[in-house]
Amino acid sequence: MSAAAARARRVPLPRGFYEVDPLVLAPVLLNKLLVRGGRAGRIVEVEAYRGGEDPASHAFRGRTARNATMFGPPGRLYVYFTYGMHFCANVVCMPEGVAGAVLLRALAPVDGLEEMRAARTAWAAGRGGRPAPGSGSGSRSACDRDLASGPARLCQAMGIGRDEDGADLVTGRGGLRLVDDGVPPPATPGVSGRVGIRQAADLPWRLWVPGDPNVSRARARPAVHRR
DNA sequence: CTTTGGATCGTCT
DNA sequence: GACGATCCAAAGG
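The paragraphs below set out a description of the structure included in this document. The shown structure was predicted, so the numbers you read here are calculated from the model rather than taken from an experiment. (Residues numbered from 1 in each chain as written. Chains lettered and ligands numbered in written order. Predicted model: local features only at pLDDT ≥ 70, side-chain atom pairs only at ≥ 80, totals over all residues. Heavy atoms only, no water.)

**As for the packing of aromatic side chains**
So, step 1. One pass over the full model with this rule turns up three aromatic pairs.
So, step 2. Here the aromatic rings of tyrosine 78 and tyrosine 80 are separated by 5.7 Å at their centres, their planes lie at 35°, and the arrangement is tilted. For the pair formed by tyrosine 78 and tyrosine 80, the shared burial category is buried.
So, step 3. With a centroid separation of 5.1 Å and an interplanar angle of 50°, the aromatic rings of phenylalanine 81 and phenylalanine 87 are classed as tilted.
So, step 4. When the ring centre of phenylalanine 81 is taken as origin, the NZ or CZ atom of arginine 162, which lies over that ring, is 4.9 Å away. (Phe/Tyr/Trp six-rings, centres within 6.5 Å; stacked < 30°, edge-to-face > 60°. Buried < 20%, exposed > 50% of the residue type's maximum accessible area, 1.4 Å probe, protein only. Lys NZ or Arg CZ within 6 Å of the ring centre and 35° of its normal.)

Laid out in structure tokens, this is it:
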């Protein structure tokens, strides 16, 4: 099928799709498409974060100015800033008033790779880095595997920052949409503990599409904090 | 290949 | 005042 026909097949996910527990939403989010203008990426890795009963969740200690979006209507994007330089994006779920979210950890680039490379290069240039490998060529390179492989890289590639916090993925208000193009979630996703957290690190709430090269490669050992 | 340290700032204690 | 749902480059094997 042509690229145009493939795009025509993309249908938005209804509000009710998101009105569920993060543990229910996470597996069915796999293989859905995140779309922004000419850019599109397939979700290949996620992590579930619950609210009050999940010590690793930003919402664990209740509602604050930062995590307010997590308590809002489902189907929106919760974007937060961390490590003094990175953004991460979550899909908000559960009924309004109840916190819950699924962190997007990796996309397989589908459309707009040029734009994604440019966005990543611009980010690197902003901090004095070199152009991203592969930028400038029009074809796919091996480096494209890393274009959106990781929660902060994904935000760089899709141009997600402060302004996208609260963007509605159902209506597209805010510039971002989440759509189904007919590719089903994996019958048996890969499972592991969540990355980069200290609390509840053993819960198997990280899921990915088995065999996909864009899944973030976990460090050999989680960062050990010295004493 | 693996491991380490630096960058950098909003948020909550 | 500490530290984080991270990334990158450099150094070491």
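Past the structure itself, the notes keep going.
**As for unusual backbone geometry**
So, step 1. One non-glycine residue, tyrosine 83, adopts positive backbone phi at about 55°.
So, step 2. Since its relative accessible area comes to 66%, tyrosine 83 is described here as exposed.
So, step 3. Backbone geometry at methionine 94 places phi at a positive 70°, although glycine is not the residue there.
So, step 4. Structurally, methionine 94 is set in the loop between strand 5 (86-92) and strand 6 (100-111).
So, step 5. Judged by its relative accessible area of 18%, methionine 94 falls in the buried class. (Helix = DSSP H or I, 4+ residues; strand = E, 2+ residues; numbered from the N terminus.)

**Notes on the protein's contact with DNA strand C**
So, step 1. The immediate surroundings of DNA strand C are formed by 24 residues, with Tyr80, His86, Asn90, Arg120 and Arg153 found nearest.
So, step 2. Sugar and phosphate atoms form 50% of the subset of DNA strand C atoms that lie within 4 Å of the protein.
So, step 3. Taking tyrosine 80, its side chain carries an N or O atom lying 3.1 Å from a base nitrogen of DNA strand C.
So, step 4. Mapped by element, the contributors of at least two residues to the surface near DNA strand C are strand 4 (77-82), strand 5, strand 6 and helix 5 (151-158). (Near = heavy atom within 4 Å. Polar contact = N/O pair within 3.5 Å; in protein donor to acceptor, adjacent residues only side chain to side chain.)

**A short note on the side chain of asparagine 31**
So, step 1. Within the secondary structure layout, asparagine 31 lies in the loop between helix 2 (22-29) and strand 2 (33-36).
So, step 2. Setting aside residues up to four positions removed in sequence, asparagine 31 forms contacts with Arg42, Ile43, Asp181, Val183, Pro184, Pro185, Pro186 and Val209. (Contact = heavy atoms within 4.5 Å.)

**Let's talk about helix 4 (residues 113-126)**
So, step 1. Helix length check: helix 4 (14 residues) gives 20 Å between terminal C-alpha atoms against 20 Å at 1.5 Å per residue, within 8%.
So, step 2. Regarding helix 4, the residues found buried are Leu113, Met116, Arg117, Arg120, Thr121 and Ala124. An end-on view of helix 4 places all buried positions within 130° of arc, on one side of the element.
So, step 3. Elements in contact with the buried residues of helix 4: strand 3 (39-50), strand 6 and helix 5. (Expected span 1.5 Å × (residues − 1). Arc of directions from axis to C-beta.)

**A closer look at helix 5**
So, step 1. With seven of eight residues buried, helix 5 is to be regarded as a mostly interior element.
So, step 2. Every buried residue of helix 5 is listed here: Pro151, Ala152, Leu154, Cys155, Gln156, Ala157 and Met158.
So, step 3. Taken together, the buried residues of helix 5 touch strand 2, strand 3, strand 5, strand 6 and helix 4.

From the geometry alone we can't say anything about function, so treat these as descriptive.
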